[in-house]
Every structure is written in C-alpha cells, then in structure tokens.
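# Descriptive structure summary
The residues making up each chain are set out below.
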Amino acid sequence: MIETQPIDAQKINLLLVDDHQLFIDGLRSILGNHPRFAVCHTARDGREALQWLQYHRPDVVVMDLNMPKIDGQQAATKALAMYPGLKILVVSMYYTASLQESLQETGVAGFIPKDSDATVLVQAIEQIYSGGHFFMTYVNRPSTDDENGQKDIRQKYNLTKREVEIIRLVRQNKTTQEIADQLFVSPFTIETHRRNICVKLDIKGNNGLFVFAQQHVEI
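A brief look at the structure comes next. From a predicted model like this one, the values you see are computed outputs, not experimental measurements.

## Describing the overall build of the chain
Check the secondary structure of the chain and you find 10 helices and six strands. Long-range contacts, defined here as pairs at least 24 residues apart, represent 65% of the contacts in the chain between residues at least 6 apart. For the chain, the exposed surface amounts to about 11400 Å²; the carbon and sulfur share of it is 50%.

What follows is the structure, given as structure tokens:
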C-alpha cells in the first residue's frame, strides 16, 4: 500500500521510490526518525513516482535505479524534463563511473551505492537539499593502453562512457534486453542510447552499430 503524509514545511520532505518493500521500510526507519526529515510519500516504481509528482513537490527524491515499468534513470529523465528544479538522489547496487557520468548528464543531483551507511545517506540528502551535488569519488589509477584507445574514440565521436559501454556489449552480440539486464536499466533506455550512438556515428540500424563495434576493437 502506498503511504502518503502531508508536506511538512518545517522539514526536508522526501519521496522514496523503490520496488523492494524491505528497502523502503529501512529508509523510512532511518529517515523518518531523523529530526530534519519527513517521508511524505513512497512509490514502488518510476511510473507511480511520476504520477504523484504531478500534484506534489518534495524537497528531495530518493530513487532506486533498477525498477519495473519505468526504471530510475528513465523516471529521473522524465521528471527533470517536467520539473527542472527537482532534486533527485539515485541509489543503486550497480555503481560504476560510467553510470555516474550518465546520471550526471541526465541532471540528477546525487548518486550513492545502495549499501552506503546512514551517515552517507543523510549527508547526501542534506547537501542536495542545500543546492549542492553528491557523487562518490573514485580513486584515480594509471591509464592503460585500452583506456587510452577508448578515450580517443570517445573524443572523436563525442561518446559518453555509458555509450562506449553499450558499444562493447553490442560487439558481444548481446540483445537489447540482455544489455538492459546487465546494466540494470530498461530496454527503452538502451534503445534510446542506441539511437543517440547511431546519430553520433552517422550510421543506420543495429547492424551498422554491430559492424562499427567489430571494426573498433580498441573500444
């Protein structure tokens, strides 16, 4: 059952979006008992969240990435297109540099691993609410020849890290559904990436993308 509470003008009002009830219950326990926060609504997927956002405006949305119907990245994209000032914190067990870059391009305000402790979660919400951004920092490591080759291709065609990642999976002859499952997003999101890649590479159709991927093994 979806729970809704009135907006509390004295607190940071939160919308929690996740399809796992145990995780939602955990978030409610942590955030609902915090003196600065009020959990005003919970939703089980991106579609429910978007419907609720038509009539309410929370201070911060805490959203899972891998959900049915409409995944977190697709929901965030739609929500930010409709409400540009919306502040969204994405949480996910799948946490990579390429995914972080893709979410930053979408316009979300923060991204943390789902297994972060409560202190990190609270800090991320407060920083985002204050107008900042919160993304975990990666430790730099020396670049390899393969990474340098990827960088050259990315710069030549203005590809994002996520687009390069998808090209590599296309080269492995994976289907859209298989790529979506591996990257924890919806097939719709992968198809959108495919179309954007084809435009940047000036190629037509999935077969053209597969041929490009085979010809550029340095990616």
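## Side note on the sheet that holds strand β4 (residues 88–92)
Judged by pairing direction, the sheet is parallel, and its six strands sit side by side in the order β2-β1-β3-β4-β5-β6 without closing on themselves. The open sheet terminates on both sides in strands that have one partner only, identified here as β2 (37–43) and β6 (134–135). The pairing of strand β1 (residues 12–17) with strand β3 (residues 60–64) spans four bridges and is classified as parallel. Paired with Val-17 across the bridge in β3 is Met-63. Against the sheet, helix α4 (residues 97–106) touches β4, β5 (110–113) and β6, its axis set at about 155° to β5.

## Quick look at the nonpolar core
Inside soluble globular proteins, nonpolar side chains tend to come together where they are buried. Ranked by size, the top nonpolar core spans 46 residues in total, and within it Val-17, Leu-86, Ile-88, Val-108 and Leu-183 carry the most contacts. Counting residues per element, this core draws most heavily on helix α7 (residues 161–171), at five residues. Once residues lying within four places of it in the same chain are set aside, the contact partners of Leu-86 are Leu-53, Arg-57, Pro-58, Val-61, Ala-79 and Leu-80. Formed by 21 residues, the second largest nonpolar core is a distinct cluster that contains Leu-27, Leu-31, Leu-121 and Phe-134.

## Comments concerning the packing of aromatic side chains
Under the definition given, this model contains one aromatic pair. Where Tyr-157 meets Phe-212, the ring centres are 5.6 Å apart and the plane angle is 85°; that geometry is what we call edge-to-face. You can see Tyr-157 sitting in helix α6 (residues 145–157) and its partner Phe-212 sitting in helix α10 (residues 205–215), a full 55 residues away along the chain. Among the residues examined, Phe-212 registers a relative accessible area of 7% and is labelled buried. One cation-aromatic arrangement involves Arg-57 over Tyr-83; the distance from NZ or CZ to the ring centre is 4.0 Å. The aromatic ring of Tyr-129 is capped on one face by Lys-87, whose charged end is 5.5 Å from the ring centroid.

## Looking at unusual backbone geometry
Glycine aside, the phi torsion of most residues is negative, and most peptide linkages are trans. Non-glycine residue Lys-69 carries a positive phi angle of around 65°. Looking at the secondary structure, you find Lys-69 in the loop between β3 and α3 (72–82). Phi at Asp-202 is positive, roughly 60°, even though this residue is not glycine. Mapping Asp-202 onto the fold places it in the loop between α9 (187–201) and α10.

## Some points on the packing of α7 against α9
Between α7 and α9, whose axes approach to 10 Å, the crossing angle comes to 95°. When the axes of α7 and α9 are compared, the pair comes out roughly perpendicular. Contacts between α7 and α9 involve Arg-162, Glu-163, Ile-166, Ile-167 and Val-170 from the first element and Ile-190, His-193, Arg-194, Asn-196, Ile-197 and Lys-200 from the second. Per-class residue counts for the contact of α7 with α9 are five nonpolar, two polar and four charged.

## Digging into the pairing of β2
When you tally the buried positions in β2, you get seven out of seven residues, the bulk of the element. Note: β1 against β2, six bridges, orientation parallel. Directly across from Leu-15, in β2, lies its bridge partner His-41. For the segment spanning β1, helix α1 (residues 21–32) and β2, crossover handedness is right-handed.

Reading the values: the criteria
Residues numbered from 1 in each chain as written. Predicted model: local features only at pLDDT ≥ 70, side-chain atom pairs only at ≥ 80, totals over all residues. Heavy atoms only, no water. Helix = DSSP H or I, 4+ residues; strand = E, 2+ residues; numbered from the N terminus. Contact = heavy atoms within 4.5 Å. Areas by Shrake-Rupley, 256 points an atom, 1.4 Å probe, with all protein chains shown as cover. Pairing = 2+ DSSP bridges. Axes fitted to C-alpha atoms, helices over the stretch in contact; angles between N-to-C directions. Core = buried A, V, L, I, M, F, W, Y, C linked by side-chain atoms within 4.5 Å. Buried < 20%, exposed > 50% of the residue type's maximum accessible area, 1.4 Å probe, protein only. Phe/Tyr/Trp six-rings, centres within 6.5 Å; stacked < 30°, edge-to-face > 60°. Lys NZ or Arg CZ within 6 Å of the ring centre and 35° of its normal. Parallel < 35°, antiparallel > 145°, perpendicular 65-115°, else oblique. Nonpolar A, V, L, I, M, F, W, Y, C, P; charged D, E, K, R; others polar. Right-handed = clockwise from strand over helix to strand, strands pointing away.

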